[in-house]
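# Structural characterization, general
Chain by chain, the residues run as shown.
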Amino acid sequence: MVAQGWARPLLRPGDEVWVSRMEHHANFLPWQQVCRETGAQLRVIELDPEGTLDLDGAMGLYGPRTRLISLCHVSNVLGIINPIKDVIDQATARGIPVLVDATQSVGHIPVDVNDLGCDFLAFSAHKMFGPSGIGALYAKPERLDEMEPLLLGGGMVDQVEDTGSSWMPYPAKFEAGSPNLADAAGFAAAAEYIDNLGLEAIHSYTSDLAHTAIRKLSRLDGVEIYGPGDSARRGGIVSFNVAGIHAHDVGQIAGEMGVAVRAGHHCCQPLMHHLGVAATVRASFSPYNLSEDVDALVEAVSEAQIIFRQ
Ligand SMILES: Cc1ncc(COP(=O)(O)O)c(C=O)c1O
């Protein structure tokens, strides 16, 4: 919606849109596409070896050509929590809008759009125990005023005439068609559930589990863990590889032992190229996990090593 409804009418050849090397394809492809369509340039903030954004090396990030910076708050692969507020403060001081992909942060760590001061913030219900196929977009009122509706149809119109039509005020303007009521109810229930648990509590509990997993996995030979060593900069995600064993093989053995991990490129191929791997194994800790689950994960990785080294 933001790429096609807000950025496309505004972008001119020579303008720049910045993303980072760790973006999910969901926050990479819409910008690549809109840049192609408008002649703008897609610029990428590179990462240091730990996965930290190399903001100092991103020449021109806050320059006069930048029309938007679009960054994830928490990486779905590295688990890193980006210094998003610093970027927003710097960008806002120069009148540059910032979009936050908060899919991995809302529901995992406290997020306050007013405190962040971001122009746009998007997230998906399925990463916070809600249904898939529904999410939310926050935008400052002035950005919503600038944004064209992407989808047209019932429910978003004020007047429709043969010669032209007018729209309802937002949010209705951006919600053409019959709404997805059932999933919205599920989304609200998920938000309530998370509110009741408390985001501070969720964050501290899941990052403790992740930290324990990192400590225990690091003791195994040949396990490489991606992302920063400093646990204060991490959420509940741990991505790793095991030397000599494909991530999918580790995932399969773990699955057979009842340990649900995800193996693959995690919709982050630019990051996989940067890490020099085709795939990683990812454990994502949640409030329902116990420390026994960490031990089961470590046991599964050890078992994979035994099986594949025979
Ligand atoms: C950081 C991040 N951004 C975006 C997405 C994509 O969300 P959706 O599939 O709802 O577009 C995901 C995962 O699904 C994600 O982890």
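A quick note: this is a predicted structure, and the numbers were derived from the prediction, not measured. (Residues numbered from 1 in each chain as written. Predicted model: local features only at pLDDT ≥ 70, side-chain atom pairs only at ≥ 80, totals over all residues. Heavy atoms only, no water.)

### A short note on the pattern of salt bridges
Inspection of every chain in the model, using the stated rule, returns 11 salt bridges. For Glu50, the salt bridge identified is with Arg233, shortest N-O distance 3.0 Å. Note that Glu50 is positioned in the loop between strand S2 (41–45) and strand S3 (66–72) and Arg233 in the loop between strand S9 (223–225) and strand S10 (237–242), a separation of 183 residues in sequence. The partly exposed category is assigned to Arg233, whose relative accessible area is 26%. Connected through shared salt-bridge partners, Asp119, Lys140, Arg143 and Glu146 make up one network. (Salt bridge = Lys/Arg side-chain N within 4 Å of Asp/Glu carboxyl O. Helix = DSSP H or I, 4+ residues; strand = E, 2+ residues; numbered from the N terminus. Buried < 20%, exposed > 50% of the residue type's maximum accessible area, 1.4 Å probe, protein only.)

### Describing the nonpolar core
Counting residues in hydrophobic clusters, the biggest one holds 36 residues, and the most contacted among them are Met22, Ile69, Val100 and Leu121. Of all the secondary structure elements, the ones that give two or more residues to this core are S3, helix H3 (84–93), strand S4 (98–101), strand S5 (120–124), helix H6 (181–197) and helix H9 (269–275). When residues of this core are assigned to domains, at least three map to each of domain 1 (2–194) and domain 2 (199–309). Apart from the residues lying within four places of it in its own chain, the contact partners of Ile69 are Trp18, Leu61, Tyr62, Val87, Ala91, Ile96, Pro97, Val98 and Leu99. Judged by nonpolar contacts, the second largest core, of 26 residues, contains Ala213, Val238, Ala283 and Ala304. (Core = buried A, V, L, I, M, F, W, Y, C linked by side-chain atoms within 4.5 Å. Domains from an automatic or database assignment. Contact = heavy atoms within 4.5 Å.)

### Observations regarding the side chain of Lys140
Among the structural elements, Lys140 can be located in the loop between strand S6 (135–139) and helix H5 (141–146). On the basis of relative accessibility, which here comes to 17%, the residue Lys140 falls in the buried class. A distance of 3.2 Å separates a polar side-chain atom of Lys140 from the backbone oxygen of Gly117. Once residues within four sequence positions are removed from consideration, Lys140 is found in contact with Gly117, Cys118 and Asp119. (Polar contact = N/O pair within 3.5 Å; in protein donor to acceptor, adjacent residues only side chain to side chain.)

### Focus on a nonpolar patch on the surface
On the surface, Met1, Leu137, Leu150 and Leu151 cluster together to form a nonpolar patch covering roughly 360 Å² of accessible area. Here Leu151 lies in the loop between H5 and strand S7 (157–161). Assessed through its relative accessible area of 59%, Leu151 is described here as exposed. (Patch = residues over 30% accessible without salt bridge, like charges linked within 9 Å, V, L, I, M, F, W, Y side chains within 5 Å. Areas by Shrake-Rupley, 256 points an atom, 1.4 Å probe, with all protein chains shown as cover.)

### Side note on the site of the ligand
Neighbouring the ligand are His24, Ala26, Asn76, Asp101, Thr103, Gln104, Ser124, His126 and Lys127. Asp101 places a polar side-chain atom, nitrogen or oxygen, 2.6 Å from a nitrogen atom of the ligand. Within the side chain of His126, a nitrogen or oxygen atom sits 3.2 Å from an oxygen atom of the ligand. Relative to its unbound accessible area of 390 Å², the ligand is 74% covered by the protein chains. A molecule is said to occupy a pocket when more than half its atoms come within 2 Å of that pocket's grid points, and by this definition the ligand occupies the largest pocket. Its residues assigned to classes, the shell around the ligand comprises one nonpolar, six polar and two charged. (Near = heavy atom within 4 Å. 1 Å grid on protein atoms, 1.4 Å probe; cavity = no way out; pocket = protein on both sides within 12 Å on 5 of 7 lines; lining within 4 Å. Sits in = over half its atoms within 2 Å of the grid points. Nonpolar A, V, L, I, M, F, W, Y, C, P; charged D, E, K, R; others polar.)

### Some details on the sheet that holds S9
A sheet is described by the order of its strands in space; here four strands give the open sequence S9-S10-S12-S11, paired in antiparallel fashion. Every other strand in the sheet has two partners, leaving S9 and strand S11 (262–264) as the edge strands with one partner each. The sheet shows a mean angle of 30 degrees between the axes of neighbouring strands, direction not considered. Two strands pair when backbone bridges link them, and S11 and strand S12 (residues 280–284) are joined in this way by three bridges, in the antiparallel orientation. Its bridge partner being in S12, Ala263 is matched across the sheet by Val281. Here helix H10 (residues 291–309) sits on the sheet in contact with S9, S10 and S12, set at roughly 15 degrees to S10. (Pairing = 2+ DSSP bridges. Axes fitted to C-alpha atoms, helices over the stretch in contact; angles between N-to-C directions.)

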